[in-house]
Amino acid sequence: RFKQSFGLVEDGIRFLAASFSYVLVCQWPVYLMTRSRPAEEIAAFAISMQLVLLPLSFVGGAIQPFWGTTAEARARGDLEWVRRQIARLRSGGVAIGVLLWTVVALWGHSIIHLWLGKPINLPWNLRLCAGGYLVLAIWEYLHFMLSLGSGRIREASTMVFTRAIAFAVLAPGLVKLWGAKGVWLGLCISVLGYTAWRMPRLLQCCRAQGKSST
């Protein structure tokens, strides 16, 4: 019983560490930008960050309940339902992400003008990179929630936290070399190179068991 309790505590600590990754991914680059870049570029980057975080928070809120539904279905042994849910959520997540990417890339400048009431210079390549990260962040968060529901909290939390650590280490160099665009490219590469393909592999066991049960 002590060993089981210790395992639960360890999983909780890893989950808290994954929650802390928000600071490393979103707040740390803003701090670095304010320390070394011109005021106009800092303003553009901070606004582009909000342009990503606002829709991401809405999508994340819609995805979060699937943590519970996945866990409940696994507890009942309904792995076929879990497999179908994974497939539907992946398709829906990609579709929503691409739609938001298009909106940010094409009309992000106009949205910010309407929102703030004054024009802010958001270069097209900055909007393109920010929108690309929005797609990848949705993909990562979707698989993170599904992995938690599938009982892989330790592995999924470790992946999210280590991805954030790796980005945080590289962020100062990215800011110095390429500024805001470097930050967004670094965020995109950190997901593509690590969690975008590793985290879905945590769900392969569920999919395989679901297919074998039919």
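Residues numbered from 1 in each chain as written. Predicted model: local features only at pLDDT ≥ 70, side-chain atom pairs only at ≥ 80, totals over all residues. Heavy atoms only, no water.

A. Region of interest: the packing of aromatic side chains. Inspection of every chain in the model, using the stated rule, returns five aromatic pairs. Taken together, a centroid distance of 6.3 Å and an interplanar angle of 5 degrees make the contact between Phe15 and Phe144 stacked. Of this pair, Phe15 sits in helix α1 (residues 2-36) while Phe144 sits in helix α5 (residues 124-149), and the two are 129 residues apart along the sequence. Here Phe45 and Trp184 contribute two aromatic rings whose centre-to-centre distance is 5.8 Å and whose plane-to-plane angle is 50 degrees, an arrangement assigned as tilted. (Phe/Tyr/Trp six-rings, centres within 6.5 Å; stacked < 30°, edge-to-face > 60°. Helix = DSSP H or I, 4+ residues; strand = E, 2+ residues; numbered from the N terminus.)

B. Fine view of helix α6 (residues 153-201). Counted at 1.5 Å a residue, the expected span for α6 with its 49 residues is 72 Å, but the 13 Å between its end C-alpha atoms falls short. At Trp178, α6 is bent by approximately 135 degrees, the largest bend along its length. (Expected span 1.5 Å × (residues − 1). Bend = angle between axes of the 7 residues up to and from the residue.)

C. Structural view of the packing of helix α4 (residues 79-116) against α5. The contact between α4 and α5 brings their axes to 8 Å, and the two run at 160 degrees. Considered as vectors, α4 and α5 are oriented roughly antiparallel to each other. Relative to α5, α4 is oriented so that their crossing is right-handed. Tallied by class, the residues present in the contact of α4 with α5 amount to 16 nonpolar, eight polar and two charged. (Axes fitted to C-alpha atoms, helices over the stretch in contact; angles between N-to-C directions. Parallel < 35°, antiparallel > 145°, perpendicular 65-115°, else oblique. Left-handed = near helix turned anticlockwise from the far one by under 90°. Nonpolar A, V, L, I, M, F, W, Y, C, P; charged D, E, K, R; others polar.)

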